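# Architecture and fold: a report
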Amino acid sequence: MSDTLLECVEVETGPNPTRAVIWLHGLGADGHDFEPIVPELDLSGLPPIRFVFPHAPVQPVTINGGMAMRAWYDIIVSDLVRREDEAGIRASQRRIEHLLARENERGIPTEHIVLAGFSQGCAMTLHTGLRHAARLAGLVALSGYLPLAASFAAERHPANARTPIFMGHGTADPIVAMDKAIASRDTLERLGYEVEWHAYPMPHSVCAPEVADISAFLRRTLA
């Protein structure tokens, strides 16, 4: 797979945005999946924000019988972390880095960019954001986990050691078990990260109270 710039859906809350949110979808979805959340977040009063919703590449996914779908990396086993597609994760990391660089080129500094993601997109948010060499405004990690955890401590970048992290997870999530998210949170906290943790009575999804909490987080980090 090449490192050409990913196609994206873009929504701007006003002209000449000075803030950006790059939001990564989950397995089998696409950039349109979270497009409707922009008005629900109700970020009125903040500087104009560009929401960027990239489409992950289409590739075969082992756990789904090799069926091709949009995916940030291959899922090999249902356990998620016992066997990981390291090459795929690192390839998507490079693509997301390109999207961050494009926002810089469009005049939005990294400290005014939030990286967000759901499920596989959450995994890529944590993986990429905490390795990024310039400080981000914040990370929004929804219904996911920290991938390649064994190499994380050695590869993390000090630029994002103090970046606020929002983690939200459903207590009844059948796809990414709650204990995986808790283990990821505990790893991050042990390494000194500031994690704002939220658990919601929901499955592998997003709920209205979570949207309200994300809105409050974005108001703080993008003000």
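One can find the structure itself at the top, above this paragraph.
The following paragraphs examine the structure supplied in this document. Note that the structure is predicted; figures quoted are calculated from it, not measured.

## Quick word on the layout of surface pockets
What the largest pocket holds in volume is close to 210 Å³. The class makeup of the residues in the lining of the largest pocket is 10 nonpolar, 5 polar and no charged.

## Overview of the nonpolar core
Among the nonpolar cores identified, the biggest contains 38 residues, and Ile-22, Tyr-73, Leu-126, Leu-130, Ile-165 and Leu-188 are the most heavily contacted of them. Among the elements of the structure, strand 2 (19-24), helix 2 (86-105), strand 6 (113-118), helix 3 (120-129), strand 7 (138-142) and strand 8 (165-170) are those that each provide at least two residues to this core. The contacts of Ile-165, once residues within four sequence positions are left out, are Leu-126, Leu-130, Leu-139, Leu-188, Tyr-193, Glu-194, Val-195, Glu-196 and Phe-217. Of all hydrophobic cores here, the second largest spans 27 residues; its members include Ile-37, Phe-51, Met-202 and Leu-218.

## Some points on the pairing of strand 4 (residues 58-61)
Alignment of strand 4 against strand 5 (residues 67-70), held across 4 bridges, turns out to be antiparallel. Across the sheet, the residue bridging to Pro-60 is Ala-68, located in strand 5. With antiparallel pairing between neighbouring strands as the criterion, strand 4 and strand 5 make up a hairpin whose turn holds 5 residues, including Gly-65 at a positive phi of roughly 70°.

## So, the packing of aromatic side chains
Scanning the entire structure with this criterion turns up 6 aromatic pairs. Arranged with centres 6.4 Å apart and planes meeting at 40°, the rings of Trp-23 and Phe-53 form a pair that is tilted. Residue Trp-23 is found in strand 2, and its partner Phe-53 is found in strand 3 (residues 49-54); the two are separated by 30 residues along the sequence. When sorted by exposure, Trp-23 lands in the same class as Phe-53, which is buried. Taken together, Trp-23, Phe-34, Phe-51, Phe-53 and Phe-118 form an aromatic cluster joined through their ring pairs.

## Some points on the sheet that holds strand 8
Spatial ordering of the open sheet is given by 1-3-2-6-7-8-9, a layout of 7 strands whose pairing is mixed. Sheet topology places strand 1 (8-12) and strand 9 (195-200) at the edges, where each strand pairs with a single neighbour. This sheet shows a mean twist of 15° between the axes of neighbouring strands, independent of strand direction. By the bridge criterion, 4 bridges tie strand 7 to strand 8 in an arrangement that is parallel. Its bridge partner being in strand 8, Ala-141 is matched across the sheet by Met-167. Sheet contacts for helix 3: strand 2, strand 6, strand 7 and strand 8; angle to strand 6, the most-contacted strand, approximately 145°.

## Here's the deal with the pattern of salt bridges
Within the structure shown, the criterion is met by 12 salt bridges. Across the salt bridge formed by Asp-79 and Lys-180, the nearest N and O atoms sit 3.9 Å from each other. Within this pair, whereas Asp-79 is found in the loop between strand 5 and helix 2, its partner Lys-180 is found in helix 5 (residues 178-190), the two being separated by 101 residues in sequence. In this structure, the salt-bridge partner of Arg-90 is Glu-86, at a minimum N-O distance of 2.9 Å. You can see Arg-90 and its partner Glu-86 sitting in helix 2, 4 residues apart, about one turn around the helix. Since its relative accessible area comes to 22%, Arg-90 is described here as partly exposed. Here the salt bridges do not stand alone but share partners, grouping Glu-10, Glu-12, Arg-50, Arg-102, Glu-103 and Arg-106 into one network.

## Points about the environment of Glu-189
Within the secondary structure, Glu-189 is located in helix 5. As for Glu-189 and Phe-166, which are separated by 23 residues in sequence, their C-alpha atoms are 12 Å apart.

Procedures and definitions
- Residues numbered from 1 in each chain as written.
- Predicted model: local features only at pLDDT ≥ 70, side-chain atom pairs only at ≥ 80, totals over all residues.
- Heavy atoms only, no water.
- 1 Å grid on protein atoms, 1.4 Å probe; cavity = no way out; pocket = protein on both sides within 12 Å on 5 of 7 lines; lining within 4 Å.
- Points joined across faces, edges and corners; volume = space filled by probe spheres on them.
- Nonpolar A, V, L, I, M, F, W, Y, C, P; charged D, E, K, R; others polar.
- Core = buried A, V, L, I, M, F, W, Y, C linked by side-chain atoms within 4.5 Å.
- Buried < 20%, exposed > 50% of the residue type's maximum accessible area, 1.4 Å probe, protein only.
- Helix = DSSP H or I, 4+ residues; strand = E, 2+ residues; numbered from the N terminus.
- Contact = heavy atoms within 4.5 Å.
- Pairing = 2+ DSSP bridges.
- Phe/Tyr/Trp six-rings, centres within 6.5 Å; stacked < 30°, edge-to-face > 60°.
- Axes fitted to C-alpha atoms, helices over the stretch in contact; angles between N-to-C directions.
- Salt bridge = Lys/Arg side-chain N within 4 Å of Asp/Glu carboxyl O.

Functional significance is not addressed by these values, which are geometric in nature.
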